[in-house]
Amino acid sequence: MSVVPRWALLSAGSAPLFLVGGWTVAQAAQPDGFDPIRQTISALAATDADHRWIMTVGLAGLGLCHLVTALGLVTAAPAGRGLLALGGLATVVLVVFPQRPDGSITHVVAAGVAFGALAVWPALAVPWRTARPKALEQPDGTAPSGPARWPAFAVTALLLGLLGWFAAVFFTDGAWIGLTERLVAAAEAVVPLAAVLAALTRRRPLP
């Protein structure tokens, strides 16, 4: 049995639902002409958006889910859990300071922190110590482990690649801002769920 509580699965599974469900419903509520390929997720929760509360709830739910998941993912290293929590907190902050027609530095900074933290946390969630106390060994003599190291690094590399693509399009005012943002945001929302599912397959260490 895993040391990760079952409620962490609920929070991790709800995160992508809040995000993707939020932007799907919010896009449908916008007037004709809204282009999800060219327009960002933040535009759906901007102060001048129609029915902005829909995406606001979606983003707030996403951030809170990440905070709860970070609390429950006890098999991950503290640095990784801290970055996951930081990503969740930054997501909540960008909800409190929404995008405005005249711009919002706080919103942009919070979004940058959220994207960056949620891209890097998987690599830092891997416990680096390989020597474990005898008392923590499994019945078969093996030690309980956190996320697998190289898969975690590969996931972080993928997320950083998607984030770099989005950043390049964003800073060059490219036509695919909305698409690239949705790709990296969706990927980052799913990774905590994968981490929790992996942790739940591990057995609880002996007392």
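Attention here is on the structure that accompanies the text.

Procedures and definitions
- Residues numbered from 1 in each chain as written.
- Predicted model: local features only at pLDDT ≥ 70, side-chain atom pairs only at ≥ 80, totals over all residues.
- Heavy atoms only, no water.
- Helix = DSSP H or I, 4+ residues; strand = E, 2+ residues; numbered from the N terminus.
- Buried < 20%, exposed > 50% of the residue type's maximum accessible area, 1.4 Å probe, protein only.
- Contact = heavy atoms within 4.5 Å.
- Areas by Shrake-Rupley, 256 points an atom, 1.4 Å probe, with all protein chains shown as cover.
- Patch = residues over 30% accessible without salt bridge, like charges linked within 9 Å, V, L, I, M, F, W, Y side chains within 5 Å.
- Salt bridge = Lys/Arg side-chain N within 4 Å of Asp/Glu carboxyl O.
- Expected span 1.5 Å × (residues − 1).
- Arc of directions from axis to C-beta.

Overview of the overall build of the protein chain
- For the protein chain, the helix and strand inventory stands at 6 helices and 0 strands.
- Put simply, the protein chain has 207 residues, and 44% of those count as buried.
- For the protein chain, restricting intrachain contacts to residue pairs at least 6 apart in sequence, the fraction spanning at least 24 positions comes to 70%.
- Surface summary for the protein chain: the accessible area is close to 10300 Å², and the carbon and sulfur share equals 72%.

Let's talk about a nonpolar patch on the surface
- On the surface, Ile37, Trp165, Trp176 and Leu183 cluster together to form a nonpolar patch covering roughly 380 Å² of accessible area.
- Within the fold, Leu183 resides in helix α6 (residues 177-200).

Some words on helix α3 (residues 78-96)
- In this model α3 runs 27 Å from its N-terminal to its C-terminal C-alpha over 19 residues, within 8% of the 27 Å that 1.5 Å per residue would give.
- Turning to α3, its buried residues number three or more, namely Gly80, Leu83, Leu84, Gly87, Gly88, Ala90, Thr91, Leu94 and Val95. In an axial view of α3, the angular spread of the buried residues amounts to 160°, which keeps them on one side of the axis. α3 presents Pro78 and Val96 as exposed residues on the side facing more than 90 degrees away from its buried surface.
- Contacts from the buried residues of α3 go to α2 (53-72), α4 (105-124) and α6.

Considering the side chain of Thr91
- Looking at the element boundaries, Thr91 is found in helix α3.
- According to the relative accessible area criterion, Thr91 is buried, its value standing at 4%.

Some words on the side chain of Thr156
- With respect to the secondary-structure elements, Thr156 resides in helix α5 (residues 149-171).
- Not counting residues up to four positions away in its chain, the partners in contact with Thr156 are Ala119, Val120, Pro122 and Ala123.

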